[in-house]
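Coordinate inspection notes
Residue strings, one per chain:
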Amino acid sequence: MNMKEKSKEEQLDYAKNSVCEKELWDLHKSSYMNVRRAVARNTNITQRIANNLSVDPVLNVSYMALKNSKSTILRDFSHLSLSPCILCEKDERYLDCNSCPEKRKFR
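Read on for an overview of the structure. (Residues numbered from 1 in each chain as written. Predicted model: local features only at pLDDT ≥ 70, side-chain atom pairs only at ≥ 80, totals over all residues. Heavy atoms only, no water.)

Digging into the packing of helix H4 (residues 47-54) against helix H5 (residues 59-67)
- The N-to-C vectors of H4 and H5 enclose an angle of 140 degrees; their axes lie 7 Å apart at closest approach. Relative to H5, H4 is oriented oblique. In the packing of H4 onto H5, the handedness of the crossing is left-handed. Across the interface between the two elements, Ala50, Leu53 and Ser54 from H4 touch Val61, Ser62, Ala65 and Leu66 from H5. (Axes fitted to C-alpha atoms, helices over the stretch in contact; angles between N-to-C directions. Helix = DSSP H or I, 4+ residues; strand = E, 2+ residues; numbered from the N terminus. Parallel < 35°, antiparallel > 145°, perpendicular 65-115°, else oblique. Left-handed = near helix turned anticlockwise from the far one by under 90°. Contact = heavy atoms within 4.5 Å.)

Some remarks on helix H3 (residues 33-41)
- Most of H3 sits out of view: 7 of its 9 residues are buried.
- Among the residues of H3, those classed as buried are Asn34, Val35, Arg36, Arg37, Ala38, Val39 and Ala40.
- The elements touched by buried residues of H3 are helix H1 (8-17), helix H2 (21-27), H4, H5 and helix H6 (84-87). (Buried < 20%, exposed > 50% of the residue type's maximum accessible area, 1.4 Å probe, protein only.)

Considerations on the pattern of salt bridges
- Applying the stated criterion across every chain yields a total of 9 salt bridges.
- When the shortest N-O distance is used, the salt bridge between Arg93 and Asp13 registers 3.6 Å. Residue Arg93 is found in the loop between H6 and helix H7 (101-106), and its partner Asp13 is found in helix H1; the two are separated by 80 residues along the sequence.
- Salt bridges linked by common partners bring Lys16, Arg37, Arg41, Lys67, Glu89 and Glu92 together as one network. (Salt bridge = Lys/Arg side-chain N within 4 Å of Asp/Glu carboxyl O.)

Some points on the nonpolar core
- Counting residues in each nonpolar core, the largest one holds 20 residues, and the members touching the most others are Ala15, Leu27, Val39, Ile45, Ile49, Leu53 and Tyr63.
- Among the elements of the structure, H1, H2, H3, H4 and H5 are those that each provide at least two residues to this core.
- Setting aside its immediate chain neighbours within four residues, Ile45 contacts Leu24, Val39, Ala40, Ala50, Asn68 and Lys70. (Core = buried A, V, L, I, M, F, W, Y, C linked by side-chain atoms within 4.5 Å.)

Comments concerning the packing of H1 against H3
- Between H1 and H3, the shortest axis-to-axis distance is 8 Å and the interhelical angle comes to 10 degrees. The orientation of H1 relative to H3 falls into the category roughly parallel. Of the residues in H3, those in contact with Lys8, Gln11, Leu12, Ala15 and Lys16 of H1 are Asn34, Val35, Ala38, Val39 and Arg41.
- Tallied by class, residues from the contact of H1 with H3 come to 5 nonpolar, 2 polar and 3 charged. (Nonpolar A, V, L, I, M, F, W, Y, C, P; charged D, E, K, R; others polar.)

Below you can see the structure in the form of structure tokens.
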């Protein structure tokens, strides 16, 4: 079974815990932002995966990828007002953004 056939929850578990380069490569292309974000935070990703995610169009993903030590991409976010959602360090498997009090404060 390939990663695209797995549920979002299964993809999140793999993204968080996998040490397999092929699995992480497949997951870094997931349609789920939280899966890509979890991959970006995984210390077992390659430089290529980190750099790909560093330019992800979703700021929640690219910001976390840039924080990964494997990323060699430089981007400056100092001119942006980063929301608590982007800076959030919670485990993606347990995020409930809709009920997050920080999200409500930012709006």
